[in-house]
Amino acid sequence: MAKNYYEILGVTKTASDDELKSAFRKLARQYHPDLHPGDEVAANKFKEINEAYETLSDPQKRSEYDTAQAAEAAGGGAGGAGFGARGGGAGGPGGSFFDDIINDMFNGHPGGAGGPGARPGGAGDINLNVTLNFEEAAYGTQKEISVNRFEPCAACRGTGAKNGTQFVKCASCGGTGKVRYAQETPFGRVVSMKPCSGCGGTGRNIKEPCPSCAGRGSMRKNSNLRITFPPGVEPNQIMTIPGEGERRTGAKPGNLILTITVLPHKMFRRKGLDLLVDVPVTFTQALLGDKVLVPTLRGSKVSFTIPEGTQSGVTFKLKEQGIENPKKGIKGDMLVTIDIELPRNLTKEQRKSIKELHESLKSEQYDKARDYMKPGK
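Residues numbered from 1 in each chain as written. Predicted model: local features only at pLDDT ≥ 70, side-chain atom pairs only at ≥ 80, totals over all residues. Heavy atoms only, no water.

Peer 1: What is the right way to look at the packing of aromatic side chains in this model?
Peer 2: The geometry of an aromatic ring pair comes down to the distance between the two centres and the angle between the two planes. Evaluation of the coordinates by the stated rule reveals 4 aromatic pairs. Measuring from ring centre to ring centre gives 6.1 Å for tyrosine 6 and tyrosine 65, while their planes differ by 50 degrees; the resulting arrangement is tilted. Here tyrosine 6, found in helix α1 (residues 5-9), pairs with tyrosine 65, found in helix α4 (residues 59-73); they are 59 residues apart in sequence, far enough to count as distant. Taken as a pair, tyrosine 6 and tyrosine 65 share a single burial class, namely buried. (Phe/Tyr/Trp six-rings, centres within 6.5 Å; stacked < 30°, edge-to-face > 60°. Helix = DSSP H or I, 4+ residues; strand = E, 2+ residues; numbered from the N terminus. Buried < 20%, exposed > 50% of the residue type's maximum accessible area, 1.4 Å probe, protein only.)

Peer 1: For this particular structure, what's the right way to read the sheet that holds strand β11 (residues 274-282)?
Peer 2: Adjacent strands of a sheet form backbone hydrogen bonds with each other and so pair up, either parallel or antiparallel. The 4 strands lie next to each other as β10-β11-β17-β14, forming an open sheet whose pairing is mixed. Strands with a single pairing partner mark the edges of an open sheet, and in this sheet they are β10 (269-271) and β14 (315-318). In this sheet, adjacent strand axes meet at a mean angle of 35 degrees when their direction is disregarded. Pairing geometry for β14 and strand β17 (residues 334-341), over 4 bridges, is antiparallel. When the bridges of β17 are listed, lysine 317 appears paired with leucine 335. (Pairing = 2+ DSSP bridges. Axes fitted to C-alpha atoms, helices over the stretch in contact; angles between N-to-C directions.)

Peer 1: Please explain the nonpolar core as it appears in this structure.
Peer 2: Buried together is how nonpolar side chains tend to be arranged in soluble globular proteins. Within the largest apolar cluster, 21 residues are counted, with the highest numbers of intra-cluster contacts made by Val294, Phe304, Met334 and Val336. When contributions to this core are tallied by element, the ones reaching two or more residues are α7 (134-139), β11, β12 (290-295), β13 (301-306), β14 and β17. Among the elements that line this core, the one with the most residues is β11, at 4 residues. In this view, valine 336 contacts Val277, Val279, Val294, Phe304, Val314, Thr315, Phe316 and Leu318; residues no more than four positions away in its chain are not counted. Ala23, Phe24, Phe46 and Ala52 belong to the second largest nonpolar core, which has 17 residues in total. (Core = buried A, V, L, I, M, F, W, Y, C linked by side-chain atoms within 4.5 Å. Contact = heavy atoms within 4.5 Å.)

Peer 1: Sorry if this is basic, but what is going on with the pairing of β11 here?
Peer 2: Regular strands show a simple pattern: their side chains alternate between the two faces of the sheet. Where β10 and β11 come together, 3 bridges link them in antiparallel fashion. When the bridges of β11 are listed, arginine 269 appears paired with leucine 276. Where β11 and β17 come together, 8 bridges link them in parallel fashion. Along β17, the bridge assignment pairs valine 279 with isoleucine 338.

Peer 1: Help me understand the packing of helix α2 (residues 17-31) against helix α3 (residues 40-56), please; the structure alone is not making it clear to me.
Peer 2: Packed helix pairs are specified by the crossing angle of their axes together with the interaxial distance, meaning the distance between the axes. Where α2 meets α3, the axes come as close as 9 Å, and the angle between the chain directions of the two elements is 165 degrees. Classified by the angle their axes make, α2 and α3 are roughly antiparallel. Regarding α2 and α3, the two cross each other, and that crossing is left-handed. In this structure, α2 uses Leu20, Lys21, Phe24, Leu27, Ala28 and Tyr31 to contact α3, whose residues at the interface are Ala42, Lys45, Phe46, Ile49, Asn50, Tyr53 and Leu56. Within the contact of α2 with α3, the residues separate by chemical class into 10 nonpolar, 1 polar and 2 charged. (Parallel < 35°, antiparallel > 145°, perpendicular 65-115°, else oblique. Left-handed = near helix turned anticlockwise from the far one by under 90°. Nonpolar A, V, L, I, M, F, W, Y, C, P; charged D, E, K, R; others polar.)

Peer 1: Help me understand the state of the cysteines, please; the structure alone is not making it clear to me.
Peer 2: In protein chemistry, a disulfide is the covalent bond that joins the sulfur atoms of two cysteines. Tallied over the entire structure, the rule returns 0 disulfides. Cysteine 153 takes part in no disulfide bond, and the closest cysteine sulfur to it belongs to cysteine 156, at a distance of 3.8 Å. The class for cysteine 153 is buried, based on a relative accessible area of 2%. (Disulfide = S-S within 2.5 Å.)

Peer 1: Honestly, the packing of α3 against α4 in this entry has me stumped. Any pointers?
Peer 2: As a packed pair, α3 and α4 sit with axes 6 Å apart at the nearest point and diverge in direction by 105 degrees. By the angle between their axes, α3 is roughly perpendicular relative to α4. Taking contact as the criterion, the partners of Glu54, Thr55 and Leu56 in α3 are, on α4, Lys61, Arg62 and Tyr65.

Peer 1: How do you make sense of the sheet that holds strand β9 (residues 256-262) when you look at a structure like this?
Peer 2: Sheet architecture is open: 3 strands sit in the order β1-β9-β8, paired in mixed fashion. Lying at the two open borders of the sheet, with one neighbouring strand each, are β1 (126-132) and β8 (238-241). On average, each strand axis in the sheet is inclined to that of its neighbour by 30 degrees, with strand direction left out of account. Across 7 bridges, the pairing between β1 and β9 is parallel.

Peer 1: Would you take a moment to explain α4 for this structure?
Peer 2: Because an α-helix packs 3.6 residues into every turn, residues spaced three or four apart end up facing the same way. Between its first and last C-alpha atoms α4 spans 21 Å; for 15 residues at 1.5 Å apiece the expected length is 21 Å, and the two agree. Inspection of α4 places Lys61, Arg62, Tyr65, Ala68, Gln69 and Glu72 among the buried residues, and these make up the whole buried set. Along the long axis of α4, the arc covered by the buried residues comes to 130 degrees, so they all point the same way. Facing away from the buried side of α4 by more than 90 degrees, the exposed set consists of Pro59 and Thr67. Capping the start of α4, aspartate 58 holds a side-chain oxygen 2.9 Å from the backbone nitrogen of glutamine 60, two or three residues further along. (Expected span 1.5 Å × (residues − 1). Arc of directions from axis to C-beta. Polar contact = N/O pair within 3.5 Å; in protein donor to acceptor, adjacent residues only side chain to side chain.)

Now the structure itself:
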């Protein structure tokens, strides 16, 4: 029974090019040899996936395969056997289009300098979450962050070869690093040059792999980085640190991408560069007016005066008492919202005094109550 390439990729026979590509990406990520070193089952599965995609992604090969499958179902022939072996040219299965998918999927992760998995491109970004407290986000800070990433192997200096020197000329390309690649197109047969897949375009192969990195040229390790967070960092802000991502051999270093979580403060809230705070005052302070002390984020206090008859919920703006953004040369304000607190556990004398005060006040002195009681309300 011939292989069923549709079942291998987990798609239907009517799958579109995008559906094929999506299925291939998913399975290739799952079984790629870089993620399963020494796992023969995964390696064979990956080869099978490549073979299936290489056939079904080429319209002509897919048509031939479907015809052969139909003939086999009718009792006539070998079906899809041998389709994967025909390949796309000297560069290996699928040709440059296949390589482009692999490069894009793994961000160009090379498998080691001069090794079979070597690929041009970037080494891949790393995404991390970082938590700052309220003050650190407001005023800026430095933090040491541990990053687990691939870095060039120190034992072979990133070459993948034992002692960093033992190489032989690539037999596939004769040491040129390039191979001729032929592809059938609607306009005829097109022949072009492409990097040799056998040596990654270097023209040489490892004679004896480095025992420390198994010939990959890169090893995963924890690196401690000291990161500077500027003042005024926003919650959920994303910071990109260039060149501090994956550092695989032969590829451009990726970026470190940090997503920032800011812990809440017990008193303050933020709105951009402005600080928001609720300040409790006594009902007598609100009635008669008074100076009020407001704490700042740095621990000091700022004094300001609330006028007589200040209502609960009124917000006052204290200019430039918020968070500073030195880069833009601006500073936010502090928005103080008054919260009038009523006394509890009144004594008999206090109740009597307050009742006398209440009786002495006129309804005209209560704006909201007066408007509420107007006829027609």
